[in-house]
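# Descriptive analysis of the structure
The primary structure of each chain is shown beneath.
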Amino acid sequence: MNPKSSLLLLLSGTLALAAPFPSAVLAKDTVKLAFIGPLSGGNSAPGLGGRNSAQLAVQLRNADPAAKYSYELVTFDDECKPNVGIQVATKAASDNSIIAGITHYCSAVGIATVDTYSRFGLPVVVWGAILPEITYGNDYREIHRVNGTMINEGKLAADFLTKQGYKKFVVVHDTTDYGKGQNKYFTEYLKPTGGEIVATFPVSPDQQDFTAELTRIKELKPDLILIGGLTPLGVRLRAQMDRVGVAAQLAGVSGIMTAGFLEGAGSAGEGTISFHNGAPISKYPQGQAFLEAYAKAGFREDPDAYGPFAYSATNLVMDAIEKTGPDRKKMKEVLNVTKGYKALVGEINFDDHRQNIVNANVYVAQDGKWVYWPDSDYAAGKKKLARN
Amino acid sequence: MDVGILAQQLFNGLMLGVIYAMIAVGFSLFFGVLDVIKFSHGDVVTVGAFSSLGAVGLAGGLVALPPVLALASGIAAAVTIGALAGVIIGRVLVLPLRHAPGVNVLLATLMAGTVLREAIRLGVPNGGNPKPFPALLPGGVIKAGSFSVGVDSVMILAAGLLLVLGTHLLITRTRFGLAIRAVAQDGEVARLSGIDFQTVVLGTFALGSALAAFAGCMLGLYYREINFNMGVLLGIIGFASAVVGGLGSMLGPIIGGFLFAGVQTLVVVALPVSSAYKDVIAFAAIIILIAIFPTGLIAERRSERV
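Scoring rules and cut-offs
Residues numbered from 1 in each chain as written. Chains lettered and ligands numbered in written order. Predicted model: local features only at pLDDT ≥ 70, side-chain atom pairs only at ≥ 80, totals over all residues. Helix = DSSP H or I, 4+ residues; strand = E, 2+ residues; numbered from the N terminus. Rg over C-alpha atoms; globule rule 2.2 N^0.38 Å. Buried ≥ 20, exposed ≤ 12 C-beta atoms within 10 Å, placed from the backbone. Contact = placed C-beta atoms within 7 Å. Pairing = 2+ DSSP bridges. Axes fitted to C-alpha atoms, helices over the stretch in contact; angles between N-to-C directions. Right-handed = clockwise from strand over helix to strand, strands pointing away. Parallel < 35°, antiparallel > 145°, perpendicular 65-115°, else oblique. Left-handed = near helix turned anticlockwise from the far one by under 90°. Nonpolar A, V, L, I, M, F, W, Y, C, P; charged D, E, K, R; others polar. Core = buried A, V, L, I, M, F, W, Y, C linked by C-beta atoms within 7 Å. Arc of directions from axis to C-beta. Expected span 1.5 Å × (residues − 1).

Let us look at the overall build of chain A. The helix and strand inventory of chain A stands at 14 helices and 14 strands. Relative to its length of 388 residues, chain A is compact, with a C-alpha radius of gyration of 23 Å against a globular reference of 21 Å. Principal axes of the C-alpha set define a box for chain A whose edges measure 80 × 50 × 40 Å. Counting only residues that meet the buried cut, chain A has 54% of its 388 residues in that class.

To continue, consider the overall build of chain B. When helices and strands are tallied, chain B shows eleven helices and four strands. The C-alpha atoms of chain B give a radius of gyration of 19 Å, which matches the 19 Å a tight globule of 306 residues would have. C-alpha atoms of chain B, sized along the principal axes, occupy 60 × 50 × 35 Å. The burial tally for chain B puts 50% of its 306 residues in the buried class. Partitioning the contacts of chain B with sequence separation of at least 6, the portion at a separation of at least 24 is 75%.

Here the focus is the sheet that holds strand β8 (residues 224-228) of chain A. Two pairing modes exist for strands in a sheet, parallel and antiparallel, and in both the strands are linked by backbone hydrogen bonds. Residues and elements named next belong to chain A. Strand order in the open sheet formed by seven strands is β7-β6-β8-β9-β10-β13-β14, with mixed pairing between adjacent strands. A strand with exactly one partner marks an edge of an open sheet, and here the two such strands are β7 (196-203) and β14 (369-372). Adjacent strand axes in the sheet meet at a mean angle of 25°, parallel and antiparallel pairs treated alike. Note: strand β9 (residues 249-252) against strand β10 (residues 273-276), two bridges, orientation parallel. Within the sheet, the bridge partner assigned to A251 lies in β10 and is I273. Sitting on the sheet, helix α9 (residues 211-220) touches β6 (168-174), β7 and β8, and the angle it makes with β7 is about 175°. In this fold helix α10 (residues 231-244) packs onto β6, β8 and β9, with an angle of close to 155° to the strand it touches most, β8.

Here we come to unusual backbone geometry. Notably, D304(A) is not glycine yet its phi reads approximately 60°, a positive angle. Mapped onto the secondary structure, D304(A) falls in the loop between α12 (287-297) and α13 (307-324). Overall, the presence of 24 C-beta atoms within 10 Å leaves D304(A) in the buried class. If you check the backbone angles, D35(B) has positive phi at about 55° while not being a glycine. Along the chain, the position of D35(B) falls in the loop between α1 (3-34) and α2 (41-62). Overall, D35(B) belongs to the partly exposed group, with 15 C-beta atoms counted inside 10 Å.

Let us now look at the sheet that holds strand β4 (residues 124-126) of chain A. Residues and elements named next belong to chain A. Taken in spatial order, the five strands of this open sheet run β2-β1-β3-β4-β5, and their pairing is parallel. Two strands lie at the open edges of the sheet, namely β2 (70-77) and β5 (143-145), each paired on one side alone. For this sheet the average axis-to-axis angle between neighbouring strands, irrespective of direction, equals 25°. Where strand β3 (residues 98-103) meets β4, three bridges bridge the pair, whose relative direction is parallel. Each residue of the ladder has a partner; that of T103, found in β4, is V126. Packed on one face of the sheet, helix α3 (residues 44-62) meets β1 (30-37), β2 and β3 and runs near 170° to β2.

Next up on the list: the environment of I142(B). Among the structural elements, I142(B) can be located in strand β2 (residues 141-144). Aside from chain neighbours lying at most four places away, what touches I142(B) is S148(B), V149(B), V151(B) and V154(B).

This paragraph deals with the pairing of β10(A). All names here are of chain A. Burial along β10 is two-sided: the residues I273 and F275 and S274 and H276 are all buried. Once you follow β9 into helix α11 (residues 259-265) and on to β10, the crossover reads as right-handed. In this sheet, strand β13 (residues 361-366) lies alongside β10 in antiparallel orientation, the contact comprising four bridges. Across the sheet, H276 pairs through a bridge with N361, a residue of β13.

Residue and element names in this part refer to chain A. Where α13 meets helix α14 (residues 328-336), the closest approach of the two axes is 9 Å, and the angle between their N-to-C directions is 120°. Our classification of the angle between α13 and α14 gives oblique. Classified by chirality, the crossing of α14 by α13 is right-handed. For the pair formed by α13 and α14, the contact residues are A320, I321, K323 and T324 on the first element and K330, M331, V334 and L335 on the second. Looking at the contact of α13 with α14 residue by residue, the class counts come to five nonpolar, one polar and two charged.

Turning next to the nonpolar core. Membership of the largest hydrophobic core comes to 108 residues, with the highest contact counts inside it found for L33(A) and V317(A). For this core, the element with the highest residue contribution is α13(A), accounting for nine residues. Here V317(A) is in contact with L33(A), A100(A), I102(A) and V125(A), once residues within four sequence places are set aside. In terms of nonpolar packing, the next biggest core, distinct from the first, is built from 94 residues, L16(B), Y20(B), F31(B) and I237(B) among them.

Looking now at the interface of chain A and chain B. Every contact between the two is made by 28 residues of chain A and, on the other side, 27 residues of chain B. With seven residues, the top contributor of residues to the side of chain A that touches chain B is α9(A).

So, about helix α6 (residues 175-185) of chain B. All names here are of chain B. All buried positions along α6 are accounted for by A179, I180, V183 and A184. Relative to the axis of α6, the buried residues are bounded by an arc of 135° and lie together on one face. Buried positions along α6 lie against α1, α5 (151-173), α7 (187-192) and α8 (197-223).

This part covers α13(A). All names here are of chain A. Between its first and last C-alpha, α13 extends 26 Å over 18 residues, near the 26 Å set by a 1.5 Å rise per residue. Counting buried positions along α13 yields 14 of 18 residues, so the element is predominantly enclosed. A positive backbone phi angle near 85° is found at G325, which sits one or two residues after α13.

Residues and elements named next belong to chain A. Within the secondary structure, Q366 is located in strand β13. In the structure, Q366 is positioned 199 residues away from K167 in sequence and 23 Å away in space, judged by C-alpha atoms. The residues contacting Q366, other than those within four sequence positions of it, are E270, V371, S376, D377 and Y378.

The next subject is the pairing of β2(B). Strand direction decides the pairing type here: β2(B) and strand β3 (residues 147-150) of chain B, joined by four bridges, are antiparallel. Paired with I142(B) across the strands is V149(B), a residue of β3(B).

It is worth spelling out the environment of D177(A) at this point. All names here are of chain A. Here D177 shows up in helix α8 (residues 177-190). Spatially, the C-alpha atom of D177 lies 5.5 Å from that of A108, the residues being 69 residues apart in sequence. With near-sequence residues (within four places) excluded, D177 lies in contact with S107, A108, I111 and L131.

Residue and element names in this part refer to chain B. Put simply, α2 and α8 touch, their axes get as near as 7 Å, and they point 55° apart. Relative to α8, the element α2 is oriented oblique. For the crossing formed where α2 meets α8, the hand is right-handed. Contacts from H41, V44, V45, T46, V47, G48, A49, S51, S52 and L53 of α2 reach α8 at S209, A212, A213, F214, A215, G216, C217, L219 and G220. Its residues assigned to classes, the contact of α2 with α8 comprises eleven nonpolar, eight polar and no charged.

Functional significance is not addressed by these values, which are geometric in nature.
Structural data, given as structure tokens:
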């Protein structure tokens, strides 16, 4: 017998042995879901928070006797790198036992992988990436998104900051699709408000030294510096501002609204403004219940800003599978037309590009926490933002 | 541009330059004594940074140390472990391959660098994430008009400059330096005149690597954040600075380091929008300079070795 045919025999033998058992022994069929996000690297805090939240949704569902299926979450690490993202997306999408995905925090990865999901026909719900093009830049019926886009964030940032009396702005953004997009929408919405951008600094996302940029900024004397980038960029910029003696107020997009920023920037982070398209967890009707369940599950990391979206996306996917059974095409049809779905993050309504419609909110770093602006000491006038 | 801002940019450039110079000097030393390019040099910088972070954390966990002692333990750990890494790489990889084609050493040390890097990523808890580095130097800011600079930055810059100067004196004024220069000029003749070849070579590796590890510690103190792959680009910048300054010379790599930092800073000052291209422009400047001065700005006294 040649080695090839013996391998075949072995394989078929294993299959014959394995196949009848799961359905006969287990009461419920197991349905696999993929979770993809940054689980290592500088953006792992939101990634791990998202993974835990998705895991919590699965655990709660599996404990529910009314559920038709038992669910298993297969997690992948995209490292916030587009090339790694495409690799794991292909791995997940080409695995026929995986019915749907809860995918991506990083926009640069989210936009790089949409073609892959469409090609392999894997329905996914984006839980954290906010680049508009992920849903609006294509017409792939596999791609859905529960969180908002940077269009809402950019508009709110421009309106809010000019209302606070800031007029001269400097933008520092990374050169990925994420940073460039943030710059584009903020600039676009700032024009009608009368605010002025005195300089824009595109920087590489892993650049470490910003003293030259900041010295130039010091010379320009802006009222406010807006960061269009993720946590590592925010931390480095914040730390080096003091060194060079830049006194401007700092604001950042939702990419810096993480526990990692507060930890990395330390006391210097106080008063930093950020914009996020979710409300604080405690503002949601089921928010308290979510936090309690999360604490009870004993995860090591916080849910972070996007955890509730990952939780909602996972539930949305599982509810669709409950209706149609574990069939990618059928569940996609149900998912496509989601309207008035009651989720943790509020009602989910997909528009014609399967994009959920949400409003952005303002937050401020206060005493080592991100605080909802209307509830903060800054809004109450007890603390003051920086004025240059 | 007013004088304060100009002084500030000059300081920024000097700070970066001294870090690049400390790394570049190592490349030049190794090339001088053994005609080899040691590509794991950038990762020795990372090893230094993580060693001092580990030592500070460990010492701080056992007894509550005042910052001065914590800093001393951090620097001692960086320098010791860095030098040790250099000696091991020199003894195990470079010396046995001394008579093999140069590209073999290059490849072997490139691999050694990857091993160091991955060992940090996998061995340190959450090693893939950037690590905050404790602020051990006194805070406070020196201000003069629009010029403002942290006291810690001044101390770091002074330490860097002193070390570079110290290394220069060591090479030019001491017996060990004389031995290094003798080996660099002609290994065979140096041996005949009674110099212990292997000790000198390994001593040079220890010296260059300790400098790089100290630079890693300085980077941590300056940026207050380190990560496992910070050494990759620094290694390349250090190598480029050494080549453009003149591999094998002592002053060349220092000039090269300051030159590279100067171009990077100038790009940002001249045109903010080109900020993202500062490395591109700096490396392009290196290519042009190499084309004009093939043996470096300061050529070795004898560039031909027979």
